[in-house]
Amino acid sequence: MRSSTDRRNFAVGPRNGGAAVKGVTQRVHSPDQSRNDPLEDDVQAFLIDEDQLHTFDDLTKVNPVTPATVLKCLQARYSLKVFYTHAGCTLVALNPFQAIPDLYSVDVMKEYHYATQPQEFKPHIFIVAEEAYRNVQGQLEPVNQSLVVSGESGAGKTWTSRCLMKYYATVAASAQAVSSQDAVERIERRVLDSNPLMEAFGNACTLRNNNSSRFGKYIQLQMNRAQLLVGASVQTYLLEKTRVACQPANERNFHIFYQMMKGATDEQRTDWKMPQDQCFVWLPNCENQIEEDGFLETAEAMVHLGIDAERQRQIFRVLAGILQLGNVSFCSSTNESQPCDLDQVSEDFLQRAGELLGVPAEELCRCLRVRTLKAGKQNVLKPCSQAECGVRRDCLAKVIYGQLFEWLVTFINSCICADQSKWCNFIGVLDVYGFECFQINNLEQLCINYANEKLQQHFVAHYLRAQQEEYVSEGLEWSFIKYQDNQSCLDLLEGSPISVFSLLNEESRLNRASDSTALRGRLEKELGGNDNICWDKFSKVPHFTVAHYAGKVSYQLEGMVEKNKDPVPPELIGLLEKSDNLLLHEIFSDKETEIPHSKGLSRVTVISKFKNSLENLMKLLLTTAPHYTRCIKPNSDCRPLTFKNREVILQLEACGIVETIHISAAGFPIRIPLKSFVQRYGPIGKCSTSSRLDADPDATESTNVLQQEVEKLLRVALQHNVSCDGRRSLVHCGKTKVFLTQLMLDLLEDHRGKILSRCAFTIQCCWLRHQRRRRLARRQSATLIQAAVRSWLVRKQIRRWNGAASVIQNTWKKWRALLKSLAEAELDEAEDLAADDSPALSAVVRERGSVQLSSFQEPVPVRGWPMGLALASAPSITVSLTATGFQKMISVMTSLNLPSRRGEYKVETNQYKQGLASIRARPRGSVKLHYQRSPLLYADMQPDLKSNVTGFNEILLEKTL
C-alpha cells in the first residue's frame, strides 16, 4: 500500500478571477523544477508513451498517481471521445458539450444490464447505475442506494441525472408481465416526464450553462420486492425564486417564460393577453434560442402527468400575470403622504396582471403602494416609497412563483409516488446546483456553495476519512493518505455558537433595517480568527470572502439580510386568497404559507429552512450506500471537445480525485460485517453458525467464531486461485468486518453462484425424481382403475349381449315353430292322400324331370318351381313337375335372382307373377295355397356375390340343393 510520503506537492494556479485556492495540498510542477526528484522521473517516464494513455479506463492503474498523470490520461481519452473514466470508487464524467450518437441508447442500456460483469465493459454512467441496481437485488446492507452527481455548473449533472432515470425506467420495468405493461409504461412515462416539467419551471440559462438547475432535487425511484419500478418521489431544495424578478447580466429567466413566448399559439396569446410584439422587462435575452425552449414538450409532459387543459390554462395565466406585473413601474409622488403614481403604460399592464391573476386591479394597485401597519388593535395605512413599491411588486411575483413551483412538485409526487405498502427499497438520484462564483454573489450563491460543501464533506467523511480510520480500527496495516478536509469551512458557515449563518439569522430576526457595513464589522469581529474567511480592506463594498474547497468566493452583504428574511406582506397574501383564479385560490387558501405573523425570534429565515432540509438530506444519504459521479467541465466556454488543462486540474484537485485514487488503489472499497459475510457466503464452506451465534450470549466468543468461519470461507475460496501474498492484497478480515476489493467480491460471488447452481441442480433433480415417481404411481393407479372399469364394462356388455341373444333365439325358435305349424297346416290332409289314385311316376320319368299331363285336347303351359312342385295354369288341370340335378340348381338361382358371372345365361322366374308364394306338396286332389307367410317372401332376392349368403337364403339353399 502506498504511503502518503510517496506523494509530492504540485502548484495550483489562480481561480475565479485570479484568486488562489486556499487549503489545497497539491501543486503542479513547474518546468524548471529539479529533475533530481525520483517521482518526477517516474512521471516523465510514464508520460513518454502518450499513445497508450487512453487505455487506462481506471485511474488506479496509473503509476505514479499525480495530478499531471491523471490529467494527461483524461485528456488523451477525451481527445478520442471517451468521456467516462473510473477513479476508484468514483466515476469521472467529462462533458462533451455535444450530442454523441448511440452513447445512451436503449441497446446500450440492455447491454450493460444483461452483462455478467459490467465492470469489464468500457466505463459508463450505466455501470454505476447497474451496480446500484444489483446491490438492491442482492439485498446487501444498506439496501437503499444513492447516486450522488456533483460538479461545477455546466459540468453535465442534469444530463447525467436524466440518463440515470431513463436507465432505471427502462431496465426496472422491462421484466413486468404483459398484462400490466400499460401500467408499467404509464409509470415510466410519468417518472420521465417529471424531468422536463421541473426543468422548465426550475432551470434557467446562466453564463456557465444553458440548462442550469436553480434548485436542488433528490429523486427517489421506488422499487418493490421484485426490484421493479413502481413509483417515484421528488424532494426539492431552495428554488432561486429571486431570478423571477431579477436576472443577472447576460442571463435569462426560467425556461417556462421563454417557452410561452416562443411556442404559444395565437389563441393562447389572446387568452394570456400577450401580444406578439410585446416585450417584458423580466425576460431579457429573449432572442436567444436554446434547446430547452420546447413548449410542446412541456405541455405534453403536463398531459401525461394528468394536468388537464383547464388546469394548464390556469397555470399559464398565472405565469403571464407575473410577466405583466414585471412591466409595472412606479413614479415618485410629489407629496410624501400620498402613494406613488403609476405611469400611463403601467396602468394597462397592471390591469392585465389583475385580470390574469384573478384579483381586482384597484385592490392590487393599493396593496402594492400602501403598507398596512398594526398599531395596537388598529390598522394604519402608510404610503410606500418608489423603492418599496418595487420591492413589494417583486415580492408578490416571487411568492406566487415559489408557491406555484411547490404546488407543481406536490402534484407530481401525487401522480408518480407509489403507496408505502407497494415499495420497500429505493434508489435515490441527487442533482444539485453546482459550485458557483460570479462577479456579484449574494445569498443564493452562498446557499448553493454551502450545499456543495456539505456534499463534499459527505464524500470526505464517508470515503476519504471514514475508510482510513476504519482500516486502522479494524487492524489493517495502513499509512494515512492526506486529503483536503473542508470541515473548517463548514464550521465557518454553520458552526455553533458563532458562524456566518447564525449572525445572518440574528440580524434578520431583529425588527430593524439592516446595515451592511455594520454587519461586515460584526463578521470581522466575531469570525476574524478563522482562516477560511477574509476581507478586502481596500474595497468600499461591504463583503466577505470564503475559501471554499473549490476556490475563494466573495459575497456582497448588500441586500443579503432582506433576502434571508424573505418578507411577504400579509395584505398581498390576503389578496391572493380571494383570487378568482381557482389555482391561486387553492394554493394560498389550503397551504399555510410561512408568513411571519408574529414578531421576534420565531421568524423562520431562508437560511434556517435550507439548512434544515439539507441536514435531513444528509441523514438520508448516510442511511444509503452512496455511488459518486464527478462531472468535470473541460472548458468554461461550453465549446465542444475543447479540453483546457488548467480548468480541469483545478476541478480534479478541488473534489479530491487524486486522493480518491490513492485510497482506492491501496484500500478495500467494499466492507461487509462478519455475520452478514458468513450468512451470505456460508454455502461456500457449508457453514451453519447462525443458530450457534443466536444462542451464544458472549459477544467476544461470537466474534471469534465468526472470524474462524470467515477464515475458513476465505481459505476455501482462495485455495486454488491466489497465493498468501496475493490474498493480502485482495481481502482482509478485520475485527468486525471483512474488507474486500472488487476483484475479490467478484470471485466470491462467482464461487457462491456456482455452489447455488449446484444446489439448485440437486434440488431440481430431487424434485424431478419425486415428480416422476409420483407420476408413475399415478399412471399405475390409473391403469388399474381403467382395467377394472373396462372389465366391468365388458362384462356388462357381454351380459347384455347374452340376454339379447337369448331373446333372439327364443323369438326365432318361436317363429320357426309357428312357420312349421303353418306349413303343416298347408299340406293336404291324410284323407286326401289316401283317396288319391293317380298313377305313380316311373323312375325314368322322375329322374329326367319329365312332366306327365292328363289327356287334354289343347297344350297346357307348365312353369317350373324350385321345390320340385308343379302348378297348372288352370285350377282344373293337375300338373306334375319334378326338378332334379342341374334343373333344380337353376330353379334355386332363379328364385334368388343370383346374377350370372359372365352373362352366359339368364334365368327368369315367375314365382311372384302368379301372385302365389309357395306350394309345399304335389297337388293330389285339393290344393292349399299360402300367399304371404312363406319364407321365400323374406329372402334376399338380389344377394351380392362378394358377401356370404346368410339368413333365409342360406336356409333355402340348404333345403333345396
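Residues numbered from 1 in each chain as written. Predicted model: local features only at pLDDT ≥ 70, side-chain atom pairs only at ≥ 80, totals over all residues. Heavy atoms only, no water.

I would appreciate a short explanation of empty space enclosed by the protein in the present structure.
Left-over empty space is what a probe sized like a water molecule reveals as it rolls over the atoms. Scanning all chains against the criterion turns up 9 cavities of 30 Å³ or more. Here the largest cavity defines a volume of roughly 130 Å³. Listed by contribution, the elements that provide at least two residues to the lining of the largest cavity are β5 (145-151), β18 (625-632) and α22 (645-654). In terms of residues, the lining of the largest cavity owes the most to one element, β18, which gives 3 residues. By residue class, the composition of the lining of the largest cavity is 7 nonpolar, 3 polar and 2 charged. (1 Å grid on protein atoms, 1.4 Å probe; cavity = no way out; pocket = protein on both sides within 12 Å on 5 of 7 lines; lining within 4 Å. Points joined across faces, edges and corners; volume = space filled by probe spheres on them. Helix = DSSP H or I, 4+ residues; strand = E, 2+ residues; numbered from the N terminus. Nonpolar A, V, L, I, M, F, W, Y, C, P; charged D, E, K, R; others polar.)

Whenever I open this one, the packing of helix α4 (residues 125-138) against helix α5 (residues 157-171) confuses me. Can you help?
Two measures define how a pair of helices packs: the angle their axes make with one another and the distance between the axes. The geometry of α4 relative to α5 is characterised by a closest axis approach of 10 Å and an angle of 50 degrees between their N-to-C directions. Here α4 lies oblique to α5, going by the angle between them. The handedness of the crossing between α4 and α5 comes out as right-handed. Two secondary-structure elements touch here, α4 through I125, F126, V128, A129, E130, A132 and Y133 and α5 through T160, C163, L164, Y167, Y168 and V171. Residue composition of the contact of α4 with α5, grouped by class: 11 nonpolar, 1 polar and 1 charged. (Axes fitted to C-alpha atoms, helices over the stretch in contact; angles between N-to-C directions. Parallel < 35°, antiparallel > 145°, perpendicular 65-115°, else oblique. Left-handed = near helix turned anticlockwise from the far one by under 90°. Contact = heavy atoms within 4.5 Å.)

Explain the pattern of salt bridges here, please?
By the definition in use, this model includes 30 salt bridges. Across the pair R317 and D271 runs a salt bridge whose closest N-O atoms are separated by 3.1 Å. Linking R317 in helix α10 (residues 309-326) with D271 in helix α8 (residues 266-272), this pair joins segments that are 46 residues apart in sequence. Among the residues examined, R317 registers a relative accessible area of 13% and is labelled buried. According to the relative accessible area criterion, D271 is partly exposed, its value standing at 22%. Where R639 meets D637, a salt bridge forms, and the shortest distance between an N and an O atom there is 2.7 Å. With a relative accessible area of 37%, R639 lands in the partly exposed category. (Salt bridge = Lys/Arg side-chain N within 4 Å of Asp/Glu carboxyl O. Buried < 20%, exposed > 50% of the residue type's maximum accessible area, 1.4 Å probe, protein only.)

How do you make sense of helix α23 (residues 657-666) when you look at a structure like this?
Working note: α-helix, 3.6 residues per turn, so residues spaced by three or four point in the same direction. Of all 10 residues in α23, 9 are buried; the element is thus mostly enclosed. Residues I657, V658, E659, T660, I661, H662, I663, S664 and A666 constitute the buried set of α23.

For this particular structure, what's the right way to read the sheet that holds strand β21 (residues 737-740)?
Within a beta sheet, neighbouring strands are joined by backbone hydrogen bonds and run either parallel or antiparallel to one another. The 3 strands are arranged β19-β21-β20 in an open sheet whose pairing can be described as antiparallel. The open sheet terminates on both sides in strands that have one partner only, identified here as β19 (670-673) and β20 (731-733). Taken over all neighbouring pairs, the strand axes of this sheet differ in orientation by 15 degrees on average, direction set aside. Here 3 bridges tie β20 to β21, and the two strands are oriented antiparallel to one another. Across the sheet, V731 pairs through a bridge with L740, a residue of β21. Seen against the sheet, helix α24 (residues 674-685) touches β19, β20 and β21 and runs at an angle of roughly 90 degrees to β19. (Pairing = 2+ DSSP bridges.)

Explain the pairing of strand β14 (residues 425-431) to me, please; I cannot follow it from the model alone.
Taken residue by residue, a regular strand's side chains alternate between the two faces of the sheet. Extensive coverage of β14 is indicated by the burial of 7 of its 7 residues. The alternating pattern of β14 places N425, I427, V429 and D431 and F426, G428 and L430 on opposite faces, both of which are buried. Sheet topology places β5 next to β14; 5 bridges connect them, and they run parallel. Paired with S146 across the strands is G428, a residue of β14. As judged from the 7 bridges shared by strand β8 (residues 216-223) and β14, these two strands associate in the antiparallel manner. Residue M223 lies in a different strand from β14, and its bridge partner there is N425.

When you look at the packing of aromatic side chains in this model, what are you seeing that I'm missing?
Aromatic rings considered in pairs are described by the distance between their centres and by the relative angle of their planes. If you walk through the whole model with that rule in mind, you get 25 aromatic pairs. Aromatic pair Y78 and F643: ring centres 5.6 Å apart, planes at 45 degrees, arrangement tilted. Of this pair, Y78 sits in helix α2 (residues 67-79) while F643 is found in the loop between β18 and α22, placing the two residues 565 residues apart along the sequence. On the basis of relative accessibility, which here comes to 15%, the residue F643 falls in the buried class. (Phe/Tyr/Trp six-rings, centres within 6.5 Å; stacked < 30°, edge-to-face > 60°.)

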